[in-house]
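# Remarks on the overall topology
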Amino acid sequence: MKRAVLLSAVPVGPEMAAYLQPGDFIVACDAGYRNAAALGVRPDLIVGDFDSAPQPHTEGDTIVLPHVKDDTDTQYAARWLAEHGFEEVVMLGALGGPRVEHMLANLSTGLFLSLHGVRTILADSRSEMHYLLPGRPLELPRRDWMYLSLFALGAPLTGVFERGVYYPLENATLTELDYPLGTSNEFTEPVARLQCSGGHGLVVLTRADG
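A quick note: this is a predicted structure, and the numbers were derived from the prediction, not measured.

## Brief notes about the pattern of salt bridges
Summed over all chains, the structure comprises nine salt bridges. Residue Glu-88 pairs with Arg-3 through a salt bridge whose shortest N-O separation is 3.2 Å. In this pair, Glu-88 is assigned in strand 5 (residues 88-92) and Arg-3 in strand 1 (residues 3-7), connecting sequence segments 85 residues apart. You'll find Glu-88 and Arg-3 in the same group, each marked buried. For Asp-144, the salt bridge is made with Arg-207, and the minimal N-O distance between the two is 2.8 Å. In this pair, Asp-144 sits in the loop between strand 8 (138-141) and strand 9 (147-152) while Arg-207 sits in the segment after strand 14 (201-206), placing the two residues 63 residues apart along the sequence. Given the relative accessible area of 46%, Asp-144 is considered partly exposed. Within the structure, one salt-bridge network assembled from shared partners comprises Arg-3, Asp-24, Glu-88 and Arg-119.

Set out below in structure tokens:
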């Protein structure tokens with residue numbers, strides 16, 4: 001499996017190195033190269049217009065983007081990975097931070113990857129996000145996660161099944177654009193199983209408070 005780690009600019013701690021695997025292709029988006037240094041890896045590719053950090057000197061490849069463009073730096077990098085046949089992408093440094101619009105854009109980028117057949121995970125130190133699409137059920141191990149939330153993205157999420165959780169669902173419809181019914185479910189079994197027949201869903205795994 002061709003696997004990549006996509007590093008955006010929100011600072012990450014060394015604990016996020018747990019998401020790295022041998023052989024990962026590392027892509028840094030603009031100031032995301034600082035996260036590569038924090039995780040002890042060298043980017044294989046740096047992409048950006050370098051409006052938030054100076055262009056670094058590197059032994060890897062660099063794609064310099066214009067300041068005026070439609071894609072964010074992260075979206076451009078995601079499109080590049082999809083076009084080059086990567087099957088799994090982990091997005092780090094993409095959640096939180098002072099620019100809420102960038103986090104929302106990164107969630108859209110993750111959906112773009114998923115819709116192009118790429119298994120996509122977004123993660124920070126407290127949470128992990130996955131996408132639920134028709135015909136692509138999810139099996140999510142409990143590990144140290146406390147909560148599992150499911151949100152519809154852009155349209156009602158239909159034919160929803162959730163098993164292995166405190167509030168199971170059977171052929172349900174979620175319309176979380178105006179009512180967040182799927183918030184803060186809890187694991188009751190070692191693996192939670194989810195599927196849907198229509199729409200696009202965002203699954204958020206969260207550790208216990210404190």
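## Quick notes on the pairing of strand 2 (residues 25-29)
Along strand 2, four of the five residues are buried, which leaves the element largely enclosed by surrounding structure. Pairing between strand 1 and strand 2: four bridges, direction parallel. By the bridge assignment, Val-5 is partnered in strand 2 with Ile-26. Note that strand 2 and strand 3 (residues 45-48) share three bridges and pair parallel. Residue Ala-28 lies in a different strand from strand 3, and its bridge partner there is Ile-46. In this fold, strand 2 hands off to helix 1 (residues 33-39), which returns the chain to strand 3; that crossover is right-handed.

## Section: the nonpolar core
Formed by 30 residues in total, the largest nonpolar core has its most connected members in Leu-92, Leu-148 and Val-203. If near-sequence neighbours (up to four positions away) are discounted, Leu-92 is found in contact with Val-5, Leu-6, Leu-7, Ser-8, Val-12, Met-16, Tyr-19, Leu-39 and Ala-123. Counting 26 residues, the second largest nonpolar core, distinct from the first, contains Val-27, Cys-29, Ala-78 and Leu-133.

## What to know about the environment of Val-5
Positionally, Val-5 belongs in strand 1. Spatially, the C-alpha atom of Val-5 lies 8.5 Å from that of Glu-88, the residues being 83 residues apart in sequence. Apart from residues lying up to four places away in sequence, Val-5 is in contact with Leu-20, Asp-24, Phe-25, Ile-26, Val-27, Val-90 and Leu-92.

## Let's talk about the sheet that holds strand 11 (residues 169-174)
Picture the strands of a sheet paired through backbone hydrogen bonds; they go either parallel or antiparallel. Read from one edge to the other, the open sheet built from four strands follows the order 8-13-10-11, with strand pairing classed as antiparallel. Edge positions in the open sheet fall to strand 8 and strand 11, since each of these has one partner strand only. Across the sheet, the mean angle separating the axes of adjacent strands is 25° when strand polarity is ignored. In this sheet, strand 13 (residues 191-195) lies alongside strand 8 in antiparallel orientation, the contact comprising four bridges. Following the sheet pairing, Leu-140 is matched in strand 13 by Ala-192.

## What to know about the side chain of Thr-109
Among the structural elements, Thr-109 can be located in helix 3 (residues 100-115). Given the relative accessible area of 1%, Thr-109 is considered buried. Beyond its immediate chain neighbours, meaning those up to four positions away, Thr-109 contacts Thr-72, Thr-74, Gln-75, Ala-78 and Met-91.

## Description of unusual backbone geometry
Look at Asp-30: it is not a glycine, yet its phi comes out positive at around 50°. Along the chain, Asp-30 turns up in the loop between strand 2 and helix 1. The class for Asp-30 is buried, based on a relative accessible area of 3%. Residue Asn-171 is not a glycine yet carries a positive backbone phi of 50°. Within the secondary structure, Asn-171 is located in strand 11. By relative accessible area, which is 54% here, Asn-171 ends up exposed.

Here is what the cut-offs are and how they apply
- Residues numbered from 1 in each chain as written.
- Predicted model: local features only at pLDDT ≥ 70, side-chain atom pairs only at ≥ 80, totals over all residues.
- Heavy atoms only, no water.
- Salt bridge = Lys/Arg side-chain N within 4 Å of Asp/Glu carboxyl O.
- Helix = DSSP H or I, 4+ residues; strand = E, 2+ residues; numbered from the N terminus.
- Buried < 20%, exposed > 50% of the residue type's maximum accessible area, 1.4 Å probe, protein only.
- Pairing = 2+ DSSP bridges.
- Right-handed = clockwise from strand over helix to strand, strands pointing away.
- Core = buried A, V, L, I, M, F, W, Y, C linked by side-chain atoms within 4.5 Å.
- Contact = heavy atoms within 4.5 Å.
- Axes fitted to C-alpha atoms, helices over the stretch in contact; angles between N-to-C directions.

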